[in-house]
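# Working through the structure, step by step
Read off the chains here:
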Amino acid sequence: MSAAYFTCNDRYVIGLNYLTNFMDNNRASTATTQLKLTDIAEEVAKLMRANSRQYGKNLYTMPSPETYPYQWLWDSCFHAIIYSHFDPNRGKEEILSLLSKQFHNGMLPHLIYWRRGPVIDIDWGQGRRTSNITQPPMIAYAVWRLFQKDQDVEFLKSIYPNLFHYYKYLLNERDPHQRNLLGIINPDESGEDNSPRFDTLLGLPPIHQFEENLRKRADLVQENIKCKFDAPFCMKNFFWVKDVPFNAIMVENLQCLSYIAQKIDREYDAAYFDRSREEIVKAMRELMCEDGLFWSTHGGNYQRIKVKTWAIFAPLFARILEKAEAEKLVNKHLLNEKEFWDAYPLSTVSKDEASFSPAEMWRGPAWISVNWLVYKGLVNYGFNDAAEKIKQSSLALIKKSGFREYYNPKTGEGLGANHFTWGGLVLDMD
Ligand code: GLC
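Conventions we followed
- Residues numbered from 1 in each chain as written.
- Predicted model: local features only at pLDDT ≥ 70, side-chain atom pairs only at ≥ 80, totals over all residues.
- Heavy atoms only, no water.
- Near = heavy atom within 4 Å.
- Polar contact = N/O pair within 3.5 Å; in protein donor to acceptor, adjacent residues only side chain to side chain.
- Areas by Shrake-Rupley, 256 points an atom, 1.4 Å probe, with all protein chains shown as cover.
- Salt bridge = Lys/Arg side-chain N within 4 Å of Asp/Glu carboxyl O.
- Helix = DSSP H or I, 4+ residues; strand = E, 2+ residues; numbered from the N terminus.
- Buried < 20%, exposed > 50% of the residue type's maximum accessible area, 1.4 Å probe, protein only.
- Pairing = 2+ DSSP bridges.
- Phe/Tyr/Trp six-rings, centres within 6.5 Å; stacked < 30°, edge-to-face > 60°.
- Lys NZ or Arg CZ within 6 Å of the ring centre and 35° of its normal.

### Some remarks on the site of the ligand
- In the region of the ligand, the neighbouring residues are P63, Y68, W72, W74, D75, Q135, G191, D193, M361, W362, F420 and W422.
- Between an oxygen atom of the ligand and a side-chain N or O atom of D75, the distance comes to 2.6 Å.
- D193 places a polar side-chain atom, nitrogen or oxygen, 2.6 Å from an oxygen atom of the ligand.
- Relative to its unbound accessible surface of 310 Å², the ligand loses 96% to contact with the protein.

### What to know about the pattern of salt bridges
- Scanning the model with the defined rule gives 28 salt bridges in all.
- One salt bridge connects D243 with R197, and the closest N-O pair in it is separated by 2.9 Å. With D243 in the loop between β5 (241-242) and α8 (244-263) and R197 in the loop between α5 (153-173) and α6 (199-202), this residue pair connects regions lying 46 residues apart in the sequence. As far as the burial class goes, D243 and R197 line up, both buried.
- Taken together, the shared-partner salt bridges connect R145, K376, D428 and D430 into one network.

### A look at the sheet that holds β5
- Read from one edge to the other, the open sheet built from three strands follows the order β5-β8-β9, with strand pairing classed as antiparallel. Strands at the two margins of the open sheet, each flanked by one partner only, are β5 and β9 (303-304).

### Quick word on the packing of aromatic side chains
- What the rule picks out here adds up to 28 aromatic pairs.
- Relative to W114, the ring of Y55 has its centre 5.7 Å away and its plane inclined at 35°; by these criteria the two rings are tilted. Of this pair, Y55 sits in strand β1 (residues 52-55) while W114 sits in the loop between β4 (111-112) and α4 (139-150); the two residues are 59 residues apart in sequence, bridging distant segments of the chain.
- With 5.6 Å between their ring centres and 90° between their planes, Y141 and W372 make a pair best called edge-to-face. Of this pair, Y141 sits in helix α4 while W372 sits in helix α12 (residues 368-380), and the two are 231 residues apart along the sequence. For the pair Y141 and W372, a shared accessibility class is recorded, and that class is buried.
- Above the ring of F155, the side-chain terminus of K92 is found at 5.5 Å from the ring centroid.
- In this arrangement the basic side chain of R116 is found over the ring face of Y113, its NZ or CZ atom lying 3.6 Å from the centre.

Here's what the structure looks like:
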């Protein structure tokens, strides 16, 4: 494997230099105004400001004021990446508020209830201010993006101990038997709550009601509570998944963490993170890969969960594939209209899966976060045409339907939460 595949993308210049029409913040418009990058950037900045809140000295951004009025872990990492394009200092605040709720064991909770509201009123079993589970570890990547903008070494120094403890927690507690893959104990830890990757483990058929899925996940939270959220010794009996995107995101983030460590003269730590990254890559290839496709696994015997979702493209983000493997993956699956390609790519579930449902949250709709992850992966391998198509699709979705949580990949219809922040990631498709 070429060492070149292990460098964090450090290009920064905003490159959205085309013109397009734009629909203002979820309001239909027939006017064909030409959109410049500055127009999009302004719309994004306006949305981020509107969703920004303060609690004491903590600043955070709600993904959607009506539907998601709290602070989420990977959302705030996306927010920091978005802020890096127009207000890096605000991005740093987003990171600091996340870190302020770090657990003693190093874990970062996936949800912080700064102000309790009427939605998602779940008792996670340990106080009422945060959840007890985590989310994909995107924080080192977000911090590195901020650093690329302003070279603020003092900020890196000030938060490095927190980052160190979080990634050390993941490497130790989520891989108790040292097989070099990290486990998640709840579908929500993947960030893709009702993805069909988790159906069988939840005892659900490919087609079922959203409420049924929610109930199963709520039951799992009860098991989490009974197990005191002890992943290796207890939760392994209920839900212990080595998820492809979670591990791929870890790989790319360990690269960023190593860069951060080097910047502040922690060479020993950097070498440790590099080694850990290589070990995870090796384990992913050994335990997840079959005929060029990476599958999430469950249980102690690493049984592969062969449900074809966008997760098969996550290794591109982490530069885990050889160029020839990546090329085959993109041509055979990504650009395939029978699988993931559609009028408004990318479907998050392959259309030939029984569970594919174009309007149901993580069961088929296009998400801008996934488009961003895949865009970055395509750029890593120099597949610039395909990357450009994903960028154009993301813009077309926002133009047609505004800043929505997810979109029907066949029609472009906006679905789920309104005023949803993740559309801002188009700014980072540079
Ligand atoms: C949904 C998404 C999750 C996200 C949260 C807040 O639960 O599935 O990934 O973090 O909303 O936006």
